[in-house]
Structure formats: C-alpha cells, structure tokens
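# A structural walkthrough
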Amino acid sequence: LPFSDSVDARRPSYGHCLNNEEMWVPFLEKAMAKYRGSYEALHAKPGTLADALVDLTGGSIETHDLTRSPASDWAASGELWHMVKRWFSSGCLMAVVLEEEEDDDLTEVTADGILPNHAYGILDVAEVDATRLIRIRNPWGEGEWKGAFADHDQMWNKYPELKEKLQYVFSPDGTWWMAYEDWVSVFNKLHVVRLFPQVWHQVTQKGQWFEASAAGPPQVIQNAQGQLVSVAGNAKGTEEPELSPNRTQDLGKSMKSNQATLQPTQDPDPKWFNNPQYRLSLKTEVATTVYLSLLQSDKNDVLFPTNIMVLKAKASGRLWDCSEVLLLGAARETPMETRDREVTMEIAVDPKDHGKHFFIVCYQDLHPSIHGPGAKPDPRVQASFYLRAFSSEPIQLDAIPPAHTYTEHGEWVQGVSAGGRRLKGRMESSSWCKNPQMLVNFRKPTSFKIVCERSLGKGRRHVTHGMTVGLVVTRLYSTSTSTTSTAAKKKGTQRPGMTGTMGSTGKSLRDEDAPEIVDPVRKMQVLPTDWVRESSYANEEVACLFLSLTPQQGPIVIIPSLSEENIGGHFTLSVYADRPLKDAMMLNEKQNAVLSGSWAAETAGGCHLHAPPFEHKNSWSRNPKFSLTTPTRMTCKITLARCEKPWRSQVAKDSVGCMMGLYVMQGGSDVSRENVIAETTFVPGTEVTLECTLERCAVEDSYCVIPCTYDPGKIGEFMIRVCSESRFDFEAYS
C-alpha cells in the first residue's frame, strides 16, 4: 500500500479509516486501483454511485427517478412502500440521493439538513402502528435530518412508544429515522442493488456492439395481425427516423395499441436483427424468475443508452424480426436520455404458458428525437458489454452466432444499368432487367434477410430526392416451359440448343434436389408462373426483404433498383443467412450485356419471309439492329425476350404472327438472306435463345443482330441479351 512516512501523517497515502487500526478502506481502494489499472485511473474517469455499488457487491443495480413515471406513480399509489419493504427484506442494498444541477451551490445543505448530490444509505425499513418509517445513514457519520422524526424531534413525544419499539437511541452518529412520506418528497433518486440468494443461479455472456452488430433499436415491428409497421416513421425518404410527439416511441405500448400514428410499410427491419442475440433456455418444468442485467464494460470510451428485449422463441436459429406476439417485455419501454452503465429487467416465466426457450436481444437504444439529430450507433466504435442472468431455477444462456453475411458493392450507371422498377403501373418494364443482379444458391432450407442500402453521401447534393430504392427476388430459372431453346443454323448446320428451364443433368429443376447455377445468366423478366417477392419502395435510403426458402426454390436472383429508370447511384447489397450459402455473386456485367428496344410502326418489319424473293417489298430490313463486335473467336448465347403481360392481348389475337426469332449476319449494311450466318426458329413464347460461335471481327465489320416477329406490324417492347465468357461489345445501331 502507498504509505505517507511524514512525521505529521504516518498513514496510508490515499483513502484511510479514522481508526488507524482499521485497514479496510485502503485495501478496498487498492483492489479498485488494480482493477482500473492505477490509482490515477480512479480519478481520471469519474464513476457514479450506481457503478460503485455494482463494482463493490457484484450485484445488479436498479435506479429509479422518484419524480418520473413509473416510480412517481408507484409513490402516489403507495406501491413503492411495499416494493421498498420487499427489497429490504430480500437483502437488497439501497441508497438515496437528492440530485440537483451541477451549477447549483452543492456545498449548502437544505433547511432539512440534506446535502444535494450526496449518497445516503438505507439502514432499516419499519412499519409500526401504521406509521411508515425509513432509517437513513450519512456515510460521513455526521450531518443529520432536521425534519420530522429527527433526533429529539417533537414527533417522538407524539408517539412515545415508537422509540421503544424501534429500540432507537438518540446519538450524533449520522443516522436517523424519517417518515416514508418525507423520504419520498425529499430525495429524488433511489438506487437498489439486487443481491441474490446463494441458491439462485447465475450465468454471464460477454458481447460487443461493433460493425453490423451495432444495429440500434427496432425501426419496424410485426403486429398481432402479422403486418409490418414502422416504429420510427421513416418512410418516403425521411432523413432521420423520428419518434411521434404522442410518445408512441414507447415500444411496448405502441406494439400493443397499434395506433394510427405508426406508418405501415412492407419492408422488415433492415438492421435490428444483427444486434447481439442470446438464447435463454429453462432447465426445469416449474415457473422461474429471471433477472437480467446488461452491463457496459468500464473499458469502453463512452456509455450508450442501452436496452434489453425478451421474446419467446418458436424455433432454433436467429430472430429475424421484432414481433408483438413474441414480445414478453423490455428493460426500458420508453427511450431515456440517460446513458446508464447498466439496465435491468425481471421476468417471471412458466414453461406451461411461455415455453422453455427465449430470445434476448441487447441493443444500443439511440433515437434522434431523444438524443439529438443523427443519433445512431457508430459501427466503427467497439463497445463491449456483459449480459448477466440470475434465476431462481437452473437456466442455460447461449450466444446465437451472427448471421452469415455476403456483401457486394454496385452501381446503377445512367443509360446502362439503371433500369428502374420492375412494374410501371400494372405492366412490367422492359428496362428492369438492366439493373445489377446478384445470384444466390444454397444447399439446405435457409432464411435470408436481404438489405440494399443506397449511398446518399454526406451532403446529398447530387441525389435525386423522391427517388426510392427497392428489391426484387425471384427464381433465376423460370419454372414455365415458355422459354424455348432453338437450334442455331449456320450454312444449314444444326447446333445444339440451350434452355433456361433445364439443369446440367437435363432434368426439370423440380426433379433436382438442389439446382445448380449452370450458367450465370441475366434474369430477363418475371413470368406469371414464377414466384416473386418485391419490397415496398417506400424509402430513399434502404430496402429490405425476408425470405425462408428450400433448395428446390433456388437458385434465386436479387435485383436492386431505384423507383425510376435512368437515374444513377451507388449501393451496397447484403445478404444475411442462417446457413452458409453455396453461391453468392454479382452477375458479371461485361459478360452479360442486355439492351432494350421496341418494334414501332415503322420498325416492326417481320421475318425474312417479308423480303425478296418472297415479297417485293423488304420490310424485314426495317427491324431494329444491334452491333456485336468480337475481338476474339467466341461462343455466345443471344436471347430475345419480351414481357408477357404487355404482349398478352396481341398474342391472343395472332399467336403465329407474334412469334419471335432473331438473325445474326455479317455486317449490317446489306440485310439479306445470304448474309445470315445463324438464326433461331420462331416460337410463340416469351424468350428464344440462340447459341452460336462467332469468329473474330473488326469494329467496322461487326456482326449484326436482328430481332423480329414472324409477321410485320406487331408493336411492342423487347429485351435482347448476349452472354459469353469472352470479351465483346454490344450496342444498338445508331
């Protein structure tokens, strides 16, 4: 121990007892200095009374503001008195403080003898002849209460038998009795240290908020009707999620009331599920009381507002959304301004009513309307914590592993890959397939959270406001047989076809246990027989979808887009899964080029049968033309597609005339039958694919690709795709 050897002060250098024979104060101070790293550290980072009580006892702290709800409500109803009695009889340590602003004069005691911002201990709680009394101690050993029931106060004369029953002796020892009613009105903070019996069980898990796990409070919850509603009200591009003025930020109440102030949205919460999660399991069949403590580490640079949420667990694995039906409670139903080191909650669970398994979610409870504009967890700041569970019966507490994460960064390039939303009104857009695409495959039944975050930049000066972001998820290979493979022809030689409905084995995808990504090809459209999920496009910055799929429903393709086409921007696409994925990759844009076009009245020229020698006029040459340049010899697949719904009425009237096909010829200056080097047969479906091998060609002698319908005059939009592992250039003829 550091010791002062001067003549006038031969004692321990720092804290010491008045009685030189007692050494518990310097020993305790030495232990804290060891824990903190040095004696200097004890002063460098000031603590609080609540923190000190936890560090000295190993218990768990509850701090109640007696001037605010719910503690003020307990005091008004008399319930607080019964709670104080229960706490005291169960062995809890309690202390009270009269907290005042720091700029007030804190050296002046009140008229009643109470020093502001000074801790007082509770020594006893008694109710004698309907008189409710609390005994208080000033740890300084001097300075006492001057109100009712103070030493030598006239109230002792009014109740002469009270002193004898309490076995109280007047003494200037810093202790006194005071009426419960005065105690409630004089002090405004009550600290209760829960100390648990030795027969109770305790388990601890260490965790941290960092990067994705610093996900913050829930923004979206699922109500009892299964609808997703926004707690934050941040739809349609609100820059920061703000809580409603009528305090619907009270999560527990808002989830139960489902008031109209909550804004509905289709998208699930894009972040909350990434918070640290734990699975609490009861090892008994009897009702159990569980006390939870979320304690931030002393080694953190700053403290954050935190919260604990407990939900019933229906299945193993991760909790993906906050659900009203599963919610059992939260440590703080209303976000608080204070940044306490510890938050606690107590729940009583019965396996017969609640089951034996529960989710515990720990999160940083930052809200812009409470903690200032822009308040949200910083994923760059590593913040550690301890989750402690005390229980009356045996329990098990396990950390749930974080989700498997796959992240890609991409860009919507104006005029190239900014295809916009899939649906324009009720019709499908032919430009939608230009958007970047992510291909995902998996071996076992898997749950996904798919999140697309649009980069808006700090100033947002170059962002088109009102433009929202969204997602479409569908199967990569259509289940419909309307996609037809056709033979390629070159000088009369048949080439093997390629179909989008077949796997590598030639079996239908429905017959394969886990379909493979045979060819990473661009998804052109969603057919009526395809399953599809689309986000709400309700937010400028983020879109989210949740899916649970079997391998037979894959592989899937994820297509992020903005709500309007031809608007550029950057994005981050993340897939969170409860199992490792077999494949997760962005489609190579250079190997999967796509262009959209249309047959107008002047360009819908029909097939080669509408040109000499079959007809005098050559309407075939009026069809749209596309240039394909191949710097090296390459094998490629060229697919012509059209959206099913916009063409439905024309196909119903003339299915033969609306059949599609395409031609490849050398050069585009002379559209004639003699120059055709490869072609498809004409089919009545929505897609037709040609596989061919093309020799090297120069830019001035590029190949010409001509898509057409069987008969002229069939007006509508189409998409044309070229896929190859070799480098090529594909563009529309000017």
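Along each chain, the written sequence defines residue order, and numbers are assigned to residues from 1. The predicted origin of the model limits local features to residues at a pLDDT of at least 70 and limits the giving and counting of side-chain atom pairs to 80 or more, whereas totals for whole chains, interfaces and linings rest on all residues. Heavy atoms from the whole structure form the basis of all side-chain values; hydrogens and water molecules are not counted.

## Let's talk about the overall build of the chain
Labels follow the DSSP assignment, with helices taken as runs of H or I lasting at least four residues and strands as runs of E lasting at least two, numbered in each case from the N terminus. Helix and strand counts for the chain stand at twelve helices and 44 strands. Buried residues are those whose accessible area, probed at 1.4 Å on protein chains only, stays under 20% of the maximum for their type, while exposed residues exceed 50% and partly exposed ones sit between those limits. Across the 734 residues of the chain, 50% fall into the buried class. Contact between two residues is taken to exist if any of their heavy atoms lie within 4.5 Å; hydrogens are not considered. For the chain, restricting intrachain contacts to residue pairs at least 6 apart in sequence, the fraction spanning at least 24 positions comes to 78%. In short, Shrake-Rupley with a 1.4 Å probe defines the accessible areas, and a residue's cover is counted only from the protein chains shown. For the chain, the exposed area adds up to about 34,900 Å²; of that, 50% sits on carbon and sulfur atoms.

## A look at the sheet that holds strand β14 (residues 288-296)
Strands are labelled as partners when DSSP assigns at least two bridges between them. With respect to topology, four strands assemble into an open sheet ordered β9-β20-β14-β18, the strand pairing being antiparallel. The sheet is open, and its two edges are formed by β9 (201-209) and β18 (342-349), each paired on a single side. Strand-to-strand, the axes of this sheet are offset by a mean angle of 15°, without reference to chain direction. Axis definition: a line fit to C-alpha positions, over the contact stretch in the case of helices; interaxial angles, taken between N-to-C directions, run 0 to 180 degrees.

## Points about helix α3 (residues 49-57)
If you check which residues of α3 are buried, you get Ala50, Asp51, Leu53 and Val54. Down the axis, α3 shows its buried residues gathered within 165° of arc, on one side only. As for α3, its buried residues are in contact with β3 (60-65), β4 (93-97), β8 (189-194), β14, β18 and β20 (383-391). Directly after α3, the chain includes Gly58, whose backbone phi takes a positive value near 75°. Each direction from the helix axis to a C-beta atom contributes to the arc, which is the arc of those directions.

## Regarding the nonpolar core
Among the nonpolar cores identified, the biggest contains 40 residues, and Leu80, Trp87, Ile122, Leu166, Trp183, Phe187 and Leu190 are the most heavily contacted of them. Non-local contacts of Leu166, meaning those with residues more than four positions away in its chain, are made with Ala126, Val128, Leu133, Trp156 and Trp177. Joining through side-chain atoms within 4.5 Å is the link that ties buried Ala, Val, Leu, Ile, Met, Phe, Trp, Tyr and Cys residues into a set, and such a set is a nonpolar core.

## What about the confidence of the model for the chain?
If pLDDT is low for a region, its predicted coordinates should not be looked at in detail. Chain-level pLDDT for the chain is 84 on average; 87% of the residues reach the 70-or-more range. Within a predicted model, pLDDT stands for the predictor's per-residue confidence, ranging from 0 to 100. Across residues 233-264 the pLDDT falls below 50, and counting only partners more than four positions away or on other chains, this stretch makes 64 contacts in the model. Predicted confidence for residues 481-512 stays below pLDDT 50, and this span has 72 contacts to residues more than four positions away or in other chains.

## A short note on the sheet that holds strand β13 (residues 277-282)
Two orientations exist for strands paired in a sheet by backbone hydrogen bonds: parallel and antiparallel. Reading across from one edge, β17-β15-β19-β13-β21 is the order of the five strands in this open sheet, with antiparallel pairing throughout. The strands lining the two open edges of the sheet, one partner per strand, are β17 (327-330) and β21 (395-399). Sheet twist, expressed as the average angle between the axes of neighbouring strands with direction ignored, equals 20°. Pairing of β13 with strand β19 (residues 357-364), which is carried by five bridges, proceeds in the antiparallel orientation. Bridge pairing in β19 places Tyr278 opposite Ile360.

## Re the environment of Ile706
Take Ile706: it is sitting in strand β42 (residues 703-709). The class of Ile706 is buried, set by a relative accessible area of 0%. Linking Ile706 and Tyr663, residues 43 residues apart in sequence, is a C-alpha distance of 5.2 Å. Setting aside anything within four residues of it in sequence, one finds Ile706 in contact with Trp620, Asn623, Pro624, Lys625, Gly661, Leu662, Tyr663, Met665 and Val671.

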